[in-house]
Amino acid sequence: MKILTELRARFREVLENYDSDVEPLLDMIRPSQDARFGDYQANMAMPLGKKLSRQPREIASEIVSAVNMDDICSQVEVAGPGFVNLTINDQWLTDQVNDLSNSNEIQIDSVVQPKTFVIDYSSPNVAKPMHVGHIRSTVIGDSLSRVLSFAGHNVIRDNHLGDWGTQFGMIIYGYKHFADEDAFKEKPVKELSRLYRLVNQIIGYWNAKSGLDGAQATIEQRAAAVEQARDAVGAADPDDKKSAKNLKRAETQISYATAWLHSLTETIESTEGDATLGPIVGSHEQIGTAVLTETAKLHNGDEENVALWEEFLPHCRADIQKIYDRLDIRFDVEYGESFYHDRLGPVVSDLEAKGLTRESDGAVCVFLDEFETPMIVRKRDGAFLYATTDLATIQYRQETWSPDAMLYVVDHRQGEHFQKLFAAAAIWQASETELQHISFGTVLGEDGRPFKTRSGDAVGLEGLLDEAVARALDVVTTNDESKPNGAELTNEQRAHIADCIGHGAIKYADLSHNRTSDYVFSYEKMMALEGNTAAYMQYSYARIQSIFRRGEIDIDGLRASFSSIALEQPAERSLALTILQLSEAIDQVIEDYRPNHLTNYLFDLAKRFSSFFEQCHVLRAESETIMQSRLLLCDVTARVIRTGLDLLGIRVVDKM
Ligand code: ARG
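Residues numbered from 1 in each chain as written. Predicted model: local features only at pLDDT ≥ 70, side-chain atom pairs only at ≥ 80, totals over all residues. Heavy atoms only, no water.

This part takes up the sheet that holds strand E7 (residues 357–360). What the 3 strands build is an open sheet, ordered E7-E8-E9; its pairing is antiparallel. Looking along the sheet, the strands with just one partner apiece sit at the ends: E7 and strand E9 (375–378). Averaged over all neighbouring strand pairs, the angle between strand axes comes to 45 degrees, with direction disregarded. Strand direction decides the pairing type here: strand E8 (residues 363–366) and E9, joined by 3 bridges, are antiparallel. (Pairing = 2+ DSSP bridges. Helix = DSSP H or I, 4+ residues; strand = E, 2+ residues; numbered from the N terminus. Axes fitted to C-alpha atoms, helices over the stretch in contact; angles between N-to-C directions.)

Take a look at the structure:
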């Protein structure tokens, strides 16, 4: 069911006579935006005309007469300056949609050359509960994994857990000084995250303290700069815009420094005034170094710290697993940073042996041409870094799976880390593996700022999911109670449906935004039954199932019978065409690793279904044959919706 692939295949041979690089030309065959221009348009005559200094229209006509499309297209027309408008042959379309309808599973032709992908996603730091920031990596990575395997690629899903970093030094320090044993026994992760926050706040306090002098000095310096700029304005000609601009800049600079000082004093005052923190901060001045020491001890095999780590880790992982179970997320491997520990020394030695490192201030660094600052792989005190682990991880993955590509689904703020990592990997290992940072933007609150709780903490993921499910239950209940013949669902059914809708809403809201943009998290919007939401797709699916129930249709039986789909009405034809474009949406997702191509597709499909349903009677069709044809069309639509949602990690329900 690959219309576009088929069209491109036909054009390929002919285009080779015009240009040796046909891929960009083939890329110019696309679905038409407007049905008046046929179903597909081929616009390559324009660039070819330019390149060959000939009339594009002439080239278009030549191409059209050379390409053999009689069986697929009912009309091939050269229009305007040289567009080629292609209208798919109704019979061919009908055959294609019947093929799909007759198959037990919605499938697309597998890629001709399957590749091996390692997808690094979710990858939370495990010492604290998952928060809203983790949703994006988790659902985008999961969806890309599903899409790539659906297309026939080989996918290794890897959860690169942060289970070894400084955050463990923090909770070990916290545990040694402030643990509440009973609380730990009762709810270990809750206690550990309390300790984590406590230690973090004390560190923040001492950082603020030590920043005071610097901030003060900066303010003085900048005050002097403002004075100077002011004098310059006084001395300059009144039209001299430059000195006025300088003054403005100096004033802005000082306002930044004042704001900075203000935030430091605020941190200090609020910590000292805090009932828990106030009495203890004073005795932990060295906390910053102490935490690093605890981390180093863990890494160097200190018995006590290793034992604590071994005690903490399973609890942390179990807590995270709960979220994965709710969201139906799975991994093939979850090595985590700790797994690579023994490889870090050898990685640095290997970099040294290859002459790729230089020492700077006692630290081992890889200098990279394109970057001002080097990538540090071992600190002066011997500690390895996040980047060192990532180099070891690349090496391990290459040895283990020889992947064609490694995708890192990680927050855009780590952009520079990955640029450096990929640059370092490129000079370290001659390898063809494509390394890609699949970057994404921030989840914002309704106020347009990063989504935080009132107290300024990251919003916990578990609470967020609970809230979504609770709101979905409201939607389901209201909807059910307002049904014309009274409510139909048991409480159990409502709860199950709410579970699918609530989790689906969160995933879909995330996936339907272009991943590189930020988006505003809004329960109302994501839960709406109309519009580009999961609920609308789930509703379209359920609506189709209810047609079958109302008509007491054995749809599997009908599919197995000799009935088939006929495309008589324009709305039927356009629905069928869209159904057959699933594989194009999949190709687009894979092209730039953006699942929102798939949500756009599903939204379009659901809208076309809705127009079909408005324009064509199904159960009250003009004849038995037409009814059967339309039922089958409904069924294949529903199955494509289900498949599409499944590729986004979203479940469907039969009733809503
Ligand atoms: N644990 C990291 C964090 O929470 C993300 C890890 C991403 N993957 C990687 N290979 N660096 O920021």
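Attention shifts here to the packing of aromatic side chains. Summed over the entire model, instances satisfying the criterion amount to 23 aromatic pairs. Taking the centre distance of 4.0 Å and the plane angle of 15 degrees together, the rings of Tyr335 and Phe339 count as stacked. A residue is classified by how much of its surface remains accessible, and Phe339, at 35% relative accessible area, is partly exposed. Where Tyr408 meets Phe422, the ring centres are 5.6 Å apart and the plane angle is 40 degrees; that geometry is what we call tilted. (Phe/Tyr/Trp six-rings, centres within 6.5 Å; stacked < 30°, edge-to-face > 60°. Buried < 20%, exposed > 50% of the residue type's maximum accessible area, 1.4 Å probe, protein only.)

The next thing to look at is the sheet that holds strand E6 (residues 154–158). Pairing in this open sheet of 4 strands is parallel, and the strands run E6-E5-E10-E11 from one edge to the other. The strands lining the two open edges of the sheet, one partner per strand, are E6 and strand E11 (434–440). When strand polarity is set aside, the average angle formed by the axes of neighbouring strands in this sheet is 20 degrees. Helix-sheet contacts for helix H15 (residues 386–401) involve strand E5 (116–120), E6, strand E10 (405–411) and E11, and the interaxial angle to E10 is about 145 degrees. Set on the sheet, helix H16 (residues 415–428) makes contact with E10 and E11; between it and E11 the angle comes to about 180 degrees. (Contact = heavy atoms within 4.5 Å.)

Position of Lys507 among the secondary structure elements: in helix H18 (residues 491–511). Among buried Asp, Glu, Lys and Arg side chains, Lys507 stands out as unpaired, with Asp142 the closest opposite charge at 4.5 Å. The residues contacting Lys507, other than those within four sequence positions of it, are Val139, Asp142, Leu327, Ile329, Leu648, Gly649 and Ile650. (Lys, Arg positive; Asp, Glu negative; His and termini not counted. Salt bridge = Lys/Arg side-chain N within 4 Å of Asp/Glu carboxyl O.)

Here Arg136 is to be found in helix H6 (residues 133–150). A relative accessible area of 1% places Arg136 in the buried class. Taking C-alpha positions, Arg136 is 8.6 Å from Thr442, a pair spaced 306 residues apart along the chain. Not counting chain neighbours up to four residues away, the residues in contact with Arg136 comprise Gly141, Phe440, Gly441, Thr442, Val443, Asp510, His513, Asn514, Arg515, Ser517 and Tyr519.

A few words now on the site of the ligand. Taken together, Asp120, Ser123, Asn125, His160, Tyr386, Asp390, Tyr408, Val410, Gln414 and Phe418 are the residues near the ligand. Tyr386 places a side-chain nitrogen or oxygen 2.8 Å from a nitrogen atom of the ligand. The contact in question runs from a nitrogen atom of the ligand to an N or O atom on the side chain of Asp390, over 2.8 Å. Looking at the shell around the ligand, the elements with two or more residues in it are H15 and E10. The residue inventory of the shell around the ligand, partitioned by class, reads 4 nonpolar, 4 polar and 2 charged. (Near = heavy atom within 4 Å. Polar contact = N/O pair within 3.5 Å; in protein donor to acceptor, adjacent residues only side chain to side chain. Nonpolar A, V, L, I, M, F, W, Y, C, P; charged D, E, K, R; others polar.)

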